[in-house]
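# Descriptive structure summary
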Protein chains: 2
Amino acid sequence: MNAYEYASTHHDAYLDELKSLLRLQSISALSEHNAETAKTADWLADNLRQIGMTRVEVYKTGGHPIVFAEWSGATGAPTVLIYGHYDVQPVDPLELWDTSPFEPTIKDGNLFARGAADDKGQVFAHIKAIESILKADGKLPVNVKFLIEGEEEIASEHLDPFIEANTDLLRADVCVISDSHILATDRPVIVYALRGLTYMEIEVHGAKGDLHSGAYGGTVYNPLQALCEIVAALHKPDGTINVPGFYDRVRPIDQKEREALKQIPWTDEEFFAETGLHSSWGEQGYSRREQIGVRPTLEVNGIVGGFIGEGPKTVLPAKALAKISCRLVAAQDPLEIYELVKKRVAALTPAAVTSEVRLLNTGYPASVDLNSRAIEAASAAYERGFGARPVYLPEGGSIPVVATLQNTFKIPVLLIGLGLPDDNLHAPNEKFKIDHFYRGIDTAIALFEQIGQMTPEAARS
Amino acid sequence: MNAYEYASTHHDAYLDELKSLLRLQSISALSEHNAETAKTADWLADNLRQIGMTRVEVYKTGGHPIVFAEWSGATGAPTVLIYGHYDVQPVDPLELWDTSPFEPTIKDGNLFARGAADDKGQVFAHIKAIESILKADGKLPVNVKFLIEGEEEIASEHLDPFIEANTDLLRADVCVISDSHILATDRPVIVYALRGLTYMEIEVHGAKGDLHSGAYGGTVYNPLQALCEIVAALHKPDGTINVPGFYDRVRPIDQKEREALKQIPWTDEEFFAETGLHSSWGEQGYSRREQIGVRPTLEVNGIVGGFIGEGPKTVLPAKALAKISCRLVAAQDPLEIYELVKKRVAALTPAAVTSEVRLLNTGYPASVDLNSRAIEAASAAYERGFGARPVYLPEGGSIPVVATLQNTFKIPVLLIGLGLPDDNLHAPNEKFKIDHFYRGIDTAIALFEQIGQMTPEAARS
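My aim in this report is to walk through the structure given alongside it, one point at a time. (Residues numbered from 1 in each chain as written. Chains lettered and ligands numbered in written order. Predicted model: local features only at pLDDT ≥ 70, side-chain atom pairs only at ≥ 80, totals over all residues. Heavy atoms only, no water.)

## Regarding the interface of chain B and chain A
A common way to express how large an interface is: the accessible area buried when the components associate. Stated formally: Two residues form a contact once any of their heavy atoms are found within 4.5 Å. Summed over both partners, buried area is the accessible surface (1.4 Å probe) that two parts give up on being assembled. Secondary structure is summarised from DSSP: a helix means a run of H or I of at least four residues, a strand means a run of E of at least two, and numbering begins at the N terminus for each. Residue type decides the class: Asp, Glu, Lys and Arg count as charged, Ala, Val, Leu, Ile, Met, Phe, Trp, Tyr, Cys and Pro as nonpolar, and the leftover types, Gly among them, as polar. For two strands to pair, DSSP has to find at least two bridges joining them.
Chain B puts 68 residues into the contact, and the matching count from chain A is 68 residues. Approximately 5300 Å² of surface area, both sides summed, lies buried where chain B meets chain A, with 58% of it carried by carbon and sulfur atoms. Looking at which element gives the most residues to the side of chain B that touches chain A, the answer is strand β11 (residues 297-306) of chain B, with 9 residues. Taken together, the residues of the side of chain B that touches chain A break down into 30 nonpolar, 27 polar and 11 charged. In this structure, strand β11 (residues 297-306) of chain A lies alongside β11(B), joined through 5 bridges in antiparallel fashion. Its bridge partner being in β11(B), A:Gly305 is matched across the sheet by B:Ile303.

And the structure:
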């Protein structure tokens, strides 16, 4: 019995185990769940020991623990680092769930539970792939390390310091992450680029307190008006970003990339259905996939100031706050972008008010060379697991750990998602297609086999 | 004993009565105070009966009752309508009060209580003036009507319909309102102009729900961005309002008025101390008093949209809301201004989003002819009460009933305030200077005497 056959005959048992994992309420954002979150790390460690990983440790951090596991018996073969996370998003609004978020429920071939796709189900497919190979063959074709954190949903505060402090422990030749989605079962996706992030707050201050608009209206520069003027002036009328230097490290789109993206249309019809919008918009000269994948943004995520209750109140606010974030591409540096925005906001701020720009969060953009051997291995693995060659897509979101791993170890990071676009991540009724869980196990088995046929140097290149 | 002497010998008793009135918690905005608010109307009606008003009624409305009282024994003399309100603002934040807001407390010559100045203390001075004259002389030199409402702090919803339905009941030759403040005890103020108001909400809509900025950033026009652009474009860089037609009914400033206002400086020093600001701003070519008094404004009173909690959340908001209000002057019409702003916002709204402008509140601007006989009478009365001639000021706030009374009865409305700028209206530690209460009684006695020497026609002119 080979590994695929072993996996196939153990589908029910694997699914039962996944359900047990999903019952654990590891909501990292809520401190009242801290004990359950720690229990989840221990549960995973136990499972990793049971499947035959030779070294398993749960590392304490300043926040939630990190699970590490290793199997290092494939002398001379490449080492694969599998990253995932066991923490999940909060479940509110609970009333919008059709089933209990922590009582995994099967319906129409889907497993409904918080964390089913993000990310417990996806990382667990890798664990069960390892188990299947070890049970069928007694050994793995590659060395394997697991790095499973518990703070992905709360900005991974302790992950980068852990990686930095444990480079020898974590060193590998290729990294695999399944924490994204594909277009359809017959359309798997390798994500080859992720946007970075600079998240800021702009605060504008005027008088020492709110003023009556009758008594002072006309004599003071309204901070909310100033904030609107600043935010408005951060874009040009054509929708491009009006911050000097902002585009300096953005590379022009590659013609080959452009041609490839043309093959994977994102139609108006699809876009309108998803968003409820009735018209297209975006930076001119770029398709929607290019706008998302290879172009940076500056977005206002929130604004608050003055009176926001019901009815009229004639107040001149003393201050106003905007949350602004940039999605970054190519060689854009989040800290440099912060400095550029800060400078621009200072230049735009009218003399009659004061402003400050605070940095809240950063993440570096990342991209993987599509010509690498590892990408080819992942493509072949998808073909084995999903019966179709993958398409290559740049992704608009940010997974900061990708850049950290790339920069620390100089290795390819394979982003091979197993979810679907409608898995309701971060929302009520999160689900994971059970068929994808099984296909994911097969894909992972195939990936380890493929990489096992390479030298470590080839895997790294 | 004349009326002044009678008042003087009854100061303590009048103050005790005012304290009783101030103990009644007539917060019109809070329905749990409805019974107490109704009780306040009844208390006033009783007091008006006791002082000798011949007809006193408490009229029910759709909201809080209106107190009406009349004395009509001065055949052939003018009729004076005294407007005031017995409702008060809420008291939160309660922890910032040094004394209990509904237990009137005397400190340093001030009476501290919610409503002390706004407006119970001021309207009660008129009642006690009438009492003093009636007790001293057995009759009044003028016919008197009181119109005291209970909804001034909640936009006077039922006042205009009441006035419209009761023109014969309320008809008068001159109206007096004490619901404002003077500059100092030796610097009384007659307010000769009030700004009007158009209060609106602008709402901009984009996608059917909030979108993830990674998944959609770059492909959708952010409604909050659009709102900022719209708000920014409602002003020109020089601070004037960029709404076509907005200034059409604003009259150029009168040179005589300009000269008069120059005599009452509002210094940078005072302005900076009041606001905590360190620089001047405002429409060029106008002094601060002119900016407040004779120029219109368009202010953003509040904005809310997207994520406004702590920390970063990468959301593209589905909608955004701004509260916008205009202070109006001269012949500007609040409804016309609403139409102009609506039209301008529609023109500014990018095609990729939708917007709507909703009208929340309106009030007409008002002004009194400074050459009228009634103004001269009020000036003389102030001189009797406060020992100084008043200055004439246009006021930046709005008292919509002034325009209603002017337009309904075509009579002068005398705005003779008794409060001080630091009376903490609408704020913790509201107070009323006890000396001003007494001076207010004398001023009112003098005013009725002055008007009593005119024909009704002269009082109206």
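## Brief notes about the packing of aromatic side chains
Here is the rule we go by: Two rings belonging to Phe, Tyr or Trp (six-membered ring only in the last case) form a pair when the distance between their centres is within 6.5 Å. Interplanar angles under 30 degrees mark stacking, angles over 60 mark edge-to-face geometry, and anything in between is tilted. Classification of residues uses two cut-offs on accessible area relative to the type maximum, computed with a 1.4 Å probe and protein chains only: under 20% is buried, over 50% is exposed, and between them is partly exposed. Over a ring means this: the NZ of a Lys or the CZ of an Arg is within 6 Å of the ring centre and within 35 degrees of the ring normal.
A full pass over the atoms with the stated rule returns 25 aromatic pairs over all chains. Ring centres of A:Tyr382 and A:Phe386 lie 5.7 Å apart, and the angle between their planes is 80°; on these two criteria the pair is classed as edge-to-face. Of the two residues, A:Tyr382 and A:Phe386 are both situated in helix α13 (residues 373-386); the distance of 4 residues between them amounts to about one turn of the helix. For the pair formed by A:Tyr382 and A:Phe386, the shared burial category is buried. Judged by centre distance (6.4 Å) and plane angle (10°), the rings of B:Phe124 and B:Phe437 are stacked. With a gap of 313 residues between them, B:Phe124 in helix α4 (residues 116-137) and B:Phe437 in helix α15 (residues 434-452) connect regions that are remote in the sequence. Per residue, the accessibility class of B:Phe124 equals that of B:Phe437, and both read buried. These aromatic residues form a ring-pair network of at least three members: A:Trp43, A:Phe124, A:Phe432, A:Phe437 and A:Tyr438. Taking the ring centre of A:Phe271 as reference, the NZ or CZ of A:Arg288 above it sits at 4.0 Å. Above the ring of A:Tyr4, the side-chain terminus of A:Arg384 is found at 3.7 Å from the ring centroid.

## What about the relation of the copies chain B and chain A?
The cut-off we apply is this: For this overlay, a least-squares fit was computed on C-alpha atoms, restricted to residues scoring pLDDT of at least 70 in both copies.
Rotating chain B by 180° about the axis while translating it 0.1 Å along that axis superimposes it on chain A, leaving an RMSD of 0.1 Å. A rotation of that kind, with that shift, is consistent with a two-fold axis. The share of interface residues of chain B whose copies in chain A are also at the interface is 100%, consistent with both copies meeting through the same surface.

## Comments concerning a nonpolar patch on the surface
Keep this limit in mind: To count toward a patch, a residue needs a relative accessible area above 30% and no salt bridge. Like charges then connect within 9 Å, nonpolar side chains (Val, Leu, Ile, Met, Phe, Trp, Tyr) within 5 Å. To be clear on the numbers: accessible area is Shrake-Rupley with a 1.4 Å probe, and residue cover counts the displayed protein chains and nothing else. Think of a salt bridge as a Lys or Arg side-chain nitrogen and an Asp or Glu carboxyl oxygen that are within 4 Å of each other.
Together, A:Leu335, A:Leu359 and A:Tyr364 make up a nonpolar patch on the protein surface, roughly 250 Å² of accessible area in all. With respect to the secondary-structure elements, A:Leu359 resides in strand β14 (residues 354-363).

## Here we look at helix α3 (residues 34-51) of chain A
Residue and element names in this part refer to chain A. The following threshold applies: Given the number of residues in a helix, its expected span is that number minus one, multiplied by 1.5 Å. As used here, the arc belongs to the directions running from the helix axis to the C-beta atoms.
Taking 1.5 Å per residue as the helical rise, α3 with its 18 residues ought to reach 26 Å, and the 26 Å between its terminal C-alpha atoms agrees with that figure. Within α3, burial applies to Thr37, Thr40, Ala41, Leu44, Ala45, Asn47, Leu48 and Ile51. Looking down the long axis of α3, one finds its buried residues gathered within 160° of arc, a one-sided arrangement. More than 90 degrees from the buried face of α3, the exposed residues found are Ala35 and Gln50. Residues of α3 that are buried make contact with α2 (11-23), β1 (55-59), β2 (66-71), α4 (116-137) and β6 (143-149). Just downstream of α3, Gly52 is the residue with a positive phi angle, here 115°.

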